[in-house]
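Letter by letter, the chains look like this.
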Amino acid sequence: MHPYLINHSDIRQQRVHKLPEAFFKNASDMTFREIAYVVLDVLLGDEIEADALKRLVDTSLSDTQPFSPEAESAFVAALWAYAGAPLQAPTLLCAVEPEDFYLVDALSGRCENLNVIMPKGMMGDVVGARAIDVQGSATDCLHLCSELERFAMVCTLHNAAASAVRVAVAIYCATHPQISPDKSPEANSAAMLRAYEIPRNLGLRCEPPVLVSAQPTAAPRMKSARIGSKRSLRVAPTVDAVMRILSSSISVK
């Protein structure tokens, strides 16, 4: 599996270095894809060939108006497919936060055997995937998922690829202000708030970001990913219980 799709991987610090001042000077005239290609080449270029990276950016990211977590979900799903994950092999995703359901949406069109583990009491089912209702808390799910990485292919937004896309979103938003260039950029999640730290180390000059609620705009985009027509499969919060489900022949479609 691609190194940058290993759960909880981080952007390598040696890749974070000052970019030419001309990049930030010209960024306001660049599209999101153009910015994303430069940023991802700097932060991930030792793992993804330039031609492949260009194709991934062009086919998964929008040209304008990037949003997080849609952008990183689309790129991670495209990278997952590019990395050669077998279509028939089970892909596992742990959904405990609203952001995770964007990745469910993005992966459901690329994986034939997508499985989503969710904590007890999470609303509804998921479309295009097998929902596994773990009879435990969100913390139980996260711990279980970390154990399952030894036996199954786990895809998450907690990796360097997703972080790099958030950095590109941060640079685009800071260099394409909608109101005033002196206004602090707004971050719609804690992950995006952290994402501004790397651009500032790359040389971006902007005011410290302000965390704002994303609920009014995020809720409609989450609906299709969270609600489905099939009942979820209830299992105990153990590796063996989930692995029995993953190895079964139950169709996810």
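Whatever comes next refers back to the structure up there.
Residues numbered from 1 in each chain as written. Predicted model: local features only at pLDDT ≥ 70, side-chain atom pairs only at ≥ 80, totals over all residues. Heavy atoms only, no water.

1. Description of unusual backbone geometry
Note on backbone geometry: most residues besides glycine have negative phi, and most peptide bonds are trans. Look at the link from S68 to P69: it is a cis peptide, with omega at 15°. Located in the positive-phi region is Q65, a residue other than glycine, with phi close to 50°. Relative to the assigned elements, Q65 resides in the loop between helix 3 (50-60) and helix 4 (70-82). Of the residues examined, Q65 reaches a relative accessible area of 42% and is grouped as partly exposed. (Helix = DSSP H or I, 4+ residues; strand = E, 2+ residues; numbered from the N terminus. Buried < 20%, exposed > 50% of the residue type's maximum accessible area, 1.4 Å probe, protein only.)

2. Re the sheet that holds strand 1 (residues 91-94)
One open sheet accounts for five strands, arranged 4-1-2-3-7; its pairing is parallel. Each edge of the sheet is formed by a strand with only one pairing partner; in this case those strands are strand 4 (153-154) and strand 7 (233-235). Here four bridges tie strand 1 to strand 2 (residues 114-119), and the two strands are oriented parallel to one another. What sits directly across from L92, in strand 2, is N115. Across the sheet, helix 6 (residues 138-148) is in contact with strand 1, strand 2, strand 3 (130-134) and strand 4; its angle to strand 2 comes to roughly 145°. Packing of helix 11 (residues 239-246) onto the sheet brings it into contact with strand 1, strand 2, strand 3 and strand 7, and relative to strand 3 it is tilted by some 165°. (Pairing = 2+ DSSP bridges. Contact = heavy atoms within 4.5 Å. Axes fitted to C-alpha atoms, helices over the stretch in contact; angles between N-to-C directions.)

3. Observations regarding the packing of aromatic side chains
Taken as a whole and assessed by the stated rule, the structure comprises two aromatic pairs. Their ring planes at 70° and their centres at 5.0 Å tell us that F23 and F24 sit as a pair that is edge-to-face. With centroids separated by 5.8 Å and ring planes inclined at 80°, the aromatic side chains of F32 and Y172 adopt a geometry described as edge-to-face. On the criterion of sequence distance, the pair formed by F32 in helix 2 (residues 32-44) and Y172 in helix 7 (residues 160-175) is long-range, its members being 140 residues apart. (Phe/Tyr/Trp six-rings, centres within 6.5 Å; stacked < 30°, edge-to-face > 60°.)

4. Details of the nonpolar core
Core analysis: the biggest nonpolar cluster contains 64 residues, and L40, L43 and F75 have the highest contact counts within it. Looking at which element gives the most residues to this core, the answer is helix 7, with 12 residues. Not counting residues within four places of it along the chain, the set of residues in contact with L40 comprises G45, L53, V57, F75, A164, V165 and A168. Core analysis: the second largest hydrophobic core is formed by 18 residues, V134, C145, V154 and L246 among them. (Core = buried A, V, L, I, M, F, W, Y, C linked by side-chain atoms within 4.5 Å.)

5. Comments concerning the pattern of salt bridges
This model, assessed by the stated rule, comprises six salt bridges. One salt bridge connects E47 with R12, and the closest N-O pair in it is separated by 2.8 Å. On the criterion of sequence distance, the pair formed by E47 in the loop between helix 2 and helix 3 and R12 in the segment before helix 1 (21-26) is long-range, its members being 35 residues apart. Note on R12: relative accessible area 32%, which makes it partly exposed. We note a salt bridge from E72 to R166, for which the minimum N-O separation is 3.2 Å. Of this pair, E72 sits in helix 4 while R166 sits in helix 7, and the two are 94 residues apart along the sequence. What makes R166 buried here is its relative accessible area of 10%. Bridged by salt links that share partners, the residues R12, D46 and E47 form one connected network. (Salt bridge = Lys/Arg side-chain N within 4 Å of Asp/Glu carboxyl O.)

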